[in-house]
Amino acid sequence: SQQGEEDPQALSIQEGENATMNCSYKTSINNLQWYRQNSGRGLVHLILIRSNEREKHSGRLRVTLDTSKKSSSLLITASRAADTASYFCATAPPFGNEKLTFGTGTRLTIIP
Amino acid sequence: NAGVTQTPKFQVLKTGQSMTLQCAQDMNHEYMSWYRQDPGMGLRLIHYSVGAGITDQGEVPNGYNVSRSTTEDFPLRLLSAAPSQTSVYFCASSPGLRTEAFFGQGTRLTVV
């Protein structure tokens, strides 16, 4: 079963605007990760935020985590055409050998 | 470093045929996983391994076998292909149990 659910499922914005996508999950986590997938390619890791962190930045990416609401958001600032891709959140459990559990993704289209 | 290499990139099988999807990584990662990606369903874990000689089932293991005889290789075997196994398959490796995952480029499998 899916642990994470991204919202919205699809998002189209003009180049230069900011894009925000959200992820909700159901159970406790060790960390939450965001990945990008370009069409026909494998997933690429973007950023990892631990359960005791609230915000993290990497270049034009800003990720927030609210463990009380079991939700995270990914903000891409000053979007570019190259940001067109699907974005997935993945949660890592706090214990055991279980692996990452991925959400269903947000399809982001940047309009030049 | 090549990272994670999957072969083949595309494959068409007839119902009932068997085949092996190859996955190799050159990063000396202990953890390797196989996912399948279907439209609207995100990535679902098939099998994973926490080291050579150790494998375990994920969310959707039926119809698939794995083995891990070396750290580098983690092949996925389809025993008797069915149309429901039509999907895109991704292999991933990671240095730790809850760290970022590195993905291969995927194998697009069609079962007719």
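Residues numbered from 1 in each chain as written. Chains lettered and ligands numbered in written order. Predicted model: local features only at pLDDT ≥ 70, side-chain atom pairs only at ≥ 80, totals over all residues. Heavy atoms only, no water.

(A) Structural view of the packing of aromatic side chains. On inspection of all chains with the given rule, the structure shows seven aromatic pairs over all chains. Their ring planes at 40 degrees and their centres at 5.9 Å tell us that Tyr35 of chain B and Phe103 of chain B sit as a pair that is tilted. Of this pair, Tyr35 of chain B sits in strand S4 (residues 31–38) while Phe103 of chain B sits in strand S10 (residues 102–103), and the two are 68 residues apart along the sequence. The buried category is assigned to Tyr35 of chain B, whose relative accessible area is 3%. Owing to a relative accessible area of 8%, Phe103 of chain B belongs among the buried residues under this scheme. Three or more aromatic residues link up through ring pairs in this structure, and these residues are Tyr35 and Phe102 of chain A together with Tyr35, Phe90 and Phe103 of chain B. Here the guanidinium or amino end of Arg68 of chain B rests over the ring plane of Phe74 of chain B, the centre of that ring lying 6.0 Å away. (Phe/Tyr/Trp six-rings, centres within 6.5 Å; stacked < 30°, edge-to-face > 60°. Helix = DSSP H or I, 4+ residues; strand = E, 2+ residues; numbered from the N terminus. Buried < 20%, exposed > 50% of the residue type's maximum accessible area, 1.4 Å probe, protein only. Lys NZ or Arg CZ within 6 Å of the ring centre and 35° of its normal.)

(B) Inspection of the sheet that holds strand S1 (residues 5–7) of chain A at higher detail. Residues and elements named next belong to chain A. If you walk across this open sheet you meet the five strands as S1-S3-S8-S7-S6, and the pairing is antiparallel. The sheet is open, and its two borders are formed by S1 and strand S6 (55–58), each paired with just one other strand. Along the sheet, successive strands turn relative to each other by an average axial angle of 20 degrees, direction set aside. With six bridges connecting them, strand S3 (residues 19–24) and strand S8 (residues 71–76) associate as antiparallel partners. Residue pairing across strands places Met21 opposite Leu74, the latter belonging to S8. (Pairing = 2+ DSSP bridges. Axes fitted to C-alpha atoms, helices over the stretch in contact; angles between N-to-C directions.)

(C) Summary view of the state of the cysteines. Overall, the coordinates contain two disulfides over all chains when judged by the stated rule. Here Cys23 of chain A engages in a disulfide with Cys89 of chain A; their sulfurs sit 2.0 Å apart. When the S-S torsion is 65 degrees, as for the bridge of Cys23 of chain A with Cys89 of chain A, the disulfide is right-handed. Highlighted residues: Cys23 of chain A in strand S3 and Cys89 of chain A in strand S9 (residues 85–92), separated in sequence by 66 residues. Paired by a disulfide, Cys23 of chain B and Cys91 of chain B hold their sulfur atoms 1.8 Å apart. Disulfide Cys23 of chain B-Cys91 of chain B: torsion about the S-S bond near -70 degrees, hence left-handed. Linking Cys23 of chain B in strand S3 (residues 19–25) with Cys91 of chain B in strand S9 (residues 87–94), this pair joins segments that are 68 residues apart in sequence. Summarising the burial analysis for this pair, Cys23 of chain B and Cys91 of chain B share the class buried. (Disulfide = S-S within 2.5 Å.)

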